[in-house]
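Descriptive analysis of the structure
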Amino acid sequence: MLPAMRDDEEMGRITLAQVAQKAGVSISTVSKVLNGRQDVAPPTRTKVERILETHAYRRTTRSSQEAPLIEIVFHELDSIWALELIRGVENIAKANQASVVLTESGTRHSPDPDWIEGVLQRRPIGVVLVFSALPQAVKQQLRARSIPFVIIDPAGDPDPDVPSVGSANWAGGLAATRHLIELGHRRIGIITGPDDMLCSLARLDGYRSAMSMAGLATPPELIRFGDFHVEGGYDRAMEMLSLPERPTAVFAGSDLQALGVLEAARVNGLRVPQGLSVVGYDDVQVARWSSPALTTVHQPLRQMAEEAAQMLLRLRTEEPSSTRLELATSLVVRKSTAPPQTD
């Protein structure tokens, strides 16, 4: 008997024996590829994976080596919103008698190349990835082994063939900026995220749309790209506040950057919101405990994670799709915004 496989498992209308025949290898070699074994030559592995992917392999029974684990992969675990995502995945995992394993790997765009070898050995029931994209080779390897995956996407716009959950970044940027305009602000700065992330650009586009609809200018010196961290918000805000004509309000593309703006205002002797209004983005717990409490755009991070985990479990029994679920954002008004002071 082959380890960890059953003869009645099929890939669409193709059997393991037929895969072995097409690849010119033994059934045992196909089993090794499916189970992430390393004792298979790379060209052979690639050939088998392509055949499995072509015939849309889907396991109809759980392998004896498959752990009741949902793996969630971040490029950085020290991000303040990572905890909200973890809690969301854990809620769904617990309800389905599964555990959660955390992995830190790669950059904000994709995991490290060596991550795939580890996940193939762990054999989780599925993977939730907090990245904007996946290399084609990684997608192929996961699909060939019937390990479903979903991207939680606060950081970009995944490929159309990848199931994903995101939020309405453009609408969030629009709502934040409109709020400041309605308070009477006319010179409004923005510190969005990195310029190579689509969520940063979408929030910036929302800002620009609100300003344009109000007939307000968006001078280049009031548009800055940060890094979604406190230090980046502080540095960019210090640059803005040193301008001959400084802004009366700043929309920061994350709550962490907004905390940096609050500190820059303090260093410059400006009271918030009397001297400078500040709006953040994400609505993480620290936003309500900052001083003053932060007006921010609520991004439903925990719900995004729950939806991603539920989508992941559905993919175990349903055909893969290009599902893109986008959840609504909403403005939460607290104490860090007010009408501009008049001389």
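Above this text you will find the structure in question.
Residues numbered from 1 in each chain as written. Predicted model: local features only at pLDDT ≥ 70, side-chain atom pairs only at ≥ 80, totals over all residues. Heavy atoms only, no water.

All right, on to unusual backbone geometry then. Of note, the amide linkage connecting Val272 to Pro273 takes the cis form, showing an omega dihedral of 10°. Mapped onto the fold, Pro273 is located in the loop between helix 10 (255-267) and strand 11 (277-282). A cis amide bond links Ser291 with the next residue in sequence, Pro292, at an omega value of 0°. With respect to the helices and strands, the residue Pro292 is situated in the loop between helix 11 (285-289) and strand 12 (295-298). In this structure, Arg123 takes a positive phi of about 55° despite not being glycine. The residue Arg123 is located in the loop between helix 5 (115-122) and strand 5 (126-129) in this model. Look at Arg123 and you get buried, because its relative accessible area is 1%. In this structure, Asp282 takes a positive phi of about 125° despite not being glycine. With respect to the element layout, Asp282 can be found in strand 11. (Helix = DSSP H or I, 4+ residues; strand = E, 2+ residues; numbered from the N terminus. Buried < 20%, exposed > 50% of the residue type's maximum accessible area, 1.4 Å probe, protein only.)

One finds Phe74, Leu85, Val128 and Ile152 to be the most contacted residues of the largest nonpolar core, which totals 25 residues. For this core, the secondary-structure elements that each account for two or more residues are strand 3 (69-74), helix 4 (82-95), strand 6 (149-153) and helix 12 (301-315). Counting residues per element, this core draws most heavily on helix 12, which supplies seven residues. Leave out the neighbours within four places in its chain, and Val128 touches Ile70, Glu71, Ile72, Val73, Val89, Val150, Ile152, Ala308, Ala309 and Leu312. Of all hydrophobic cores here, the second largest spans 19 residues; its members include Tyr207, Ala210, Leu222 and Ala249. (Core = buried A, V, L, I, M, F, W, Y, C linked by side-chain atoms within 4.5 Å. Contact = heavy atoms within 4.5 Å.)

Let us now look at the pairing of strand 5. Along strand 5, one buried face is formed by Gly126 and Val128 and the opposite face, lined by Val127 and Leu129, is buried too. Two strands pair when backbone bridges link them, and strand 3 and strand 5 are joined in this way by four bridges, in the parallel orientation. Note on strand 5: the bridge partner recorded for Ile72 is Val128. Pairing between strand 5 and strand 6: three bridges, direction parallel. Bridge pairing links Val128 to Val150 in strand 6. (Pairing = 2+ DSSP bridges.)

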